[in-house]
Amino acid sequence: MTSQRIYEVFARKTHEEPIMHVGSVNAPNDDLAKVYAWTAYDEEKWVEMCVIRRNEIIPVLNPDNQPIWGN
Amino acid sequence: MSTTTFSSAKNLPDDCRDAVHSLLLAIADTKMFLGFHYGEWTFGTPALEACIAACSMSQDEFGHLRLLHACLSTQFGDSQDTLLEKRPLNEFANVAALDRPLVKWADFVAINLFTDGALTVILTGLQRSSFEPVANFVDKMVEEEKHHLRNAQGWFRTLATYNSETKAALEAASRGALFPTLEWLGSSDHAMMKTLETYGIINTAWESLRQSFLDWVGAISQEQKIAVGLEQKNGHWGPTVSIDFSKWNPSVRRCAPAQPDEKILYHLRGSKNAIFKLGEHS
């Protein structure tokens, strides 16, 4: 089994607004990351939601090498 | 297959009305027990996110149950007494694998994949149903069920590949979930299933729905090298051991008399809080 990964969750409520970061989830694979994002961040009627593995994000400006979004 | 549509149960032919009533009741019962078990697994999951997902799936199932009970009530004259409160235990038509508590996480995962999966395949068969009251709400259910199946597949793959202990637990749990689910699906040759097909209550042959379920879970099990009791012949998956449907009871969808644990019904009925139940206004 792959170990737990951190996935960042992005979503938007209307097609007119930009997609925004809404939180993160821990999951062992992409399938579960999608379910966990959908169930953990269900407080809004999102029109779009996606997850991305945190370790695949390429920082452009992060001089202190701190986690970009916490946890 | 008929192209006639039925706006209410009153318009259904007599034999068809009984078949639709039995099927909806069996789906409602199975969803009720799924909702209970998913809800129980709000606690004790291997990960915090998994408990949120389990709780969310429980809410989905009880939401679907409300729709089904409303349909059974308005279309077929059922009441909360006949559906739940005063119904004898041996008349519940849920998948038998849900009769008892799901003790291990592997049991939860197997039920999530095999039982919830089979139920969802049947719901897809009810899309565009000739029985309009069902056609009106089933799309919403199918949409929500996609998340349940994604959760099931994600955990099935995880347990299958983590270590030999989780794999063995998953294999045992899968066999424990699959065969009662196949029993609940019944024989495609049964008169009830033929009636559902003939009047266009389902959008394809029952056998086609059953086979698509078997092909789906067969492929997933093979991919993860989990022996669940299925084998592939002529390109299609089927059980290695055939089920004897000669004594199958269509009203409870079981081959032998059995019933759910009374303690589960005690919770589902809210018996502990019976004194707080509010009567209906006239």
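All values derive from a computational prediction rather than experimental measurement.

**Points about the overall build of chain B**
Phase 1: When helices and strands are tallied, chain B shows 9 helices and 2 strands.
Phase 2: Here the C-alpha atoms of chain B give a radius of gyration of 19 Å, agreeing with the 19 Å that 2.2 N^0.38 yields for 282 residues.
Phase 3: Looking at chain B residue by residue over its 282 residues, the buried ones come to 44%.
Phase 4: Residue pairs at least 24 apart in sequence account for 73% of intrachain contacts in chain B once pairs closer than 6 positions are excluded.

**Section: the sheet that holds strand S1 (residues 5-12) of chain A**
All names here are of chain A.
Phase 1: Within the open sheet, the 3 strands sit side by side as S2-S1-S3. Their pairing is antiparallel. Strands with a single pairing partner mark the edges of an open sheet, and in this sheet they are strand S2 (20-27) and strand S3 (48-53). Strand-to-strand twist across the sheet, computed as the mean angle between neighbouring axes with direction ignored, equals 25°.
Phase 2: Strand direction decides the pairing type here: S1 and S2, joined by 7 bridges, are antiparallel. Pairing of Tyr7 across the sheet is with Val25, part of S2.
Phase 3: Helix H1 (residues 30-40) rests against S1, S2 and S3 of the sheet, and its axis sits at about 125° to S2.

**A short note on the pairing of strand S2 (residues 236-239) of chain B**
Within a regular beta strand, the side chains point alternately toward one face of the sheet and then the other, so they alternate between its two faces.
Residue and element names in this part refer to chain B.
Phase 1: Here strand S1 (residues 230-233) pairs with S2 via 4 bridges, running antiparallel. Residue pairing for S2: Lys233 is matched across the bridge by His236.
Phase 2: With antiparallel pairing between neighbouring strands as the criterion, S1 and S2 make up a hairpin whose turn holds 2 residues, including Asn234 at a positive phi of roughly 55°.

**Looking at H1(A)**
Phase 1: Within H1(A), 8 of the 11 residues are buried, which leaves it mostly tucked inside the rest of the structure.
Phase 2: Every buried residue of H1(A) is accounted for by Leu32(A), Ala33(A), Lys34(A), Val35(A), Tyr36(A), Ala37(A), Trp38(A) and Thr39(A).
Phase 3: For H1(A), the elements touching its buried residues are S1, S2 and S3 of chain A together with helix H2 (48-76) and helix H5 (132-162) of chain B.

**Side note on the interface of chain B and chain A**
Often, the extent of an interface is quoted as the loss of accessible area on bringing the components together.
Phase 1: Taken together, the contact between chain B and chain A spans 15 residues of the former and 15 residues of the latter.
Phase 2: Counting residues per element, the side of chain B that touches chain A draws most heavily on H5(B), at 10 residues.
Phase 3: Taken together, the residues that form the side of chain B that touches chain A break down as 5 nonpolar, 7 polar and 3 charged.

**Comments concerning the packing of H2(B) against H5(B)**
All names here are of chain B.
Phase 1: Where H2 contacts H5, the axes come no closer than 11 Å and their chain directions differ by 165°. Comparing their axes, H5 and H2 come out roughly antiparallel. Taken as a pair, H2 and H5 cross one another with a handedness that is left-handed. Here Ala53, Met57, Asp60, His64, Leu67, Cys71 and Gln75 of H2 come into contact with H5, specifically with Pro133, Val134, Phe137, Met141, Glu144, His148 and Asn151.
Phase 2: Of the residues in the contact of H2 with H5, the class split is 8 nonpolar, 4 polar and 2 charged.

**Looking at unusual backbone geometry**
Residues and elements named next belong to chain B.
Phase 1: In this model, Arg128 sits at a positive phi of 60°, which is unusual for a non-glycine residue.
Phase 2: When you line up the elements, Arg128 lands in the loop between helix H4 (105-126) and H5.
Phase 3: For Asn234, which is not a glycine, the phi torsion comes out positive at approximately 55°.
Phase 4: With respect to the helices, strands and loops of the structure, Asn234 is situated in the loop between S1 and S2.

Reading the values: the criteria
Residues numbered from 1 in each chain as written. Chains lettered and ligands numbered in written order. Predicted model: local features only at pLDDT ≥ 70, side-chain atom pairs only at ≥ 80, totals over all residues. Helix = DSSP H or I, 4+ residues; strand = E, 2+ residues; numbered from the N terminus. Rg over C-alpha atoms; globule rule 2.2 N^0.38 Å. Buried ≥ 20, exposed ≤ 12 C-beta atoms within 10 Å, placed from the backbone. Contact = placed C-beta atoms within 7 Å. Pairing = 2+ DSSP bridges. Axes fitted to C-alpha atoms, helices over the stretch in contact; angles between N-to-C directions. Nonpolar A, V, L, I, M, F, W, Y, C, P; charged D, E, K, R; others polar. Parallel < 35°, antiparallel > 145°, perpendicular 65-115°, else oblique. Left-handed = near helix turned anticlockwise from the far one by under 90°.

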